[in-house]
Amino acid sequence: MFPTSALFILLAAASTAVAQTAANCSVKGYDIGTKPAFLTNPNITTATGCKGFCADTTYDKCQSFAVGPSCLLYNVTVTGNINVVPASPWTFYDAGCKI
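Residues numbered from 1 in each chain as written. Predicted model: local features only at pLDDT ≥ 70, side-chain atom pairs only at ≥ 80, totals over all residues. Heavy atoms only, no water.

**Q** Looking at this structure, I do not really get the sheet that holds strand β1 (residues 25-31). What am I missing?
**A** Working definition: the strands of a sheet are paired by backbone hydrogen bonds and lie parallel or antiparallel to each other. A sheet is described by the order of its strands in space; here 6 strands give the open sequence β2-β4-β3-β6-β1-β5, paired in antiparallel fashion. The open sheet terminates on both sides in strands that have one partner only, identified here as β2 (39-41) and β5 (82-84). For this sheet, the mean angle separating the axes of adjacent strands, direction not counted, is 40°. Where β2 lies against strand β4 (residues 71-74), 3 bridges are found, and the strand directions are antiparallel. If you follow Leu39 over to β4, its bridge partner there is Leu73. Set on the sheet, helix α2 (residues 47-56) makes contact with β2, β3 (64-67), β4 and β6 (91-94); between it and β3 the angle comes to about 150°. (Pairing = 2+ DSSP bridges. Helix = DSSP H or I, 4+ residues; strand = E, 2+ residues; numbered from the N terminus. Axes fitted to C-alpha atoms, helices over the stretch in contact; angles between N-to-C directions. Contact = heavy atoms within 4.5 Å.)

Now the structure itself:
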């Protein structure tokens, strides 16, 4: 039997792993063009910075972002919005991804 605190930590870690797996994180590609980015920032070129920009944006609900030569914010998730291209300079993340 696990002590209650150890069981809680184990369950919390499992829950985080499931949530992370459900999100699309670090997917190289290009958006498909039907739901383009609603906001860009050419001064942000890191995943951490772009995630922060996504979290701070009040214009629309940011559901995903891409980082590469700039930061792109999307109001849709990664699933169904990108063509996977491993050589792309763009890396896409759902807003819930841990960076």
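Now that the structure has been shown, the text picks up again.
**Q** Teacher, can you tell me more about unusual backbone geometry here?
**A** Residues other than glycine predominantly adopt negative phi, and peptide bonds predominantly adopt the trans conformation. Phi is positive for Ser26, close to 65°, though the residue is something other than glycine. You can see Ser26 is positioned in strand β1.

**Q** Looking at this structure, how should I read the nonpolar core?
**A** Nonpolar side chains in soluble globular proteins tend to be buried together. Among the nonpolar cores identified, the biggest contains 14 residues, and Cys50, Phe53, Phe65, Cys71, Leu73 and Tyr93 are the most heavily contacted of them. Listed by contribution, the elements that provide at least two residues to this core are α2, β3 and β4. Considering each element in turn, this core owes the most residues, 4 residues, to α2. Aside from chain neighbours lying at most four places away, what touches Tyr93 is Asn24, Cys25, Ser26, Ala47, Ser64, Phe65, Val67, Val78 and Ile99. Residues Val27, Leu72, Val78 and Ile82 belong to the second largest nonpolar core, which totals 9 residues. (Core = buried A, V, L, I, M, F, W, Y, C linked by side-chain atoms within 4.5 Å. Buried < 20%, exposed > 50% of the residue type's maximum accessible area, 1.4 Å probe, protein only.)

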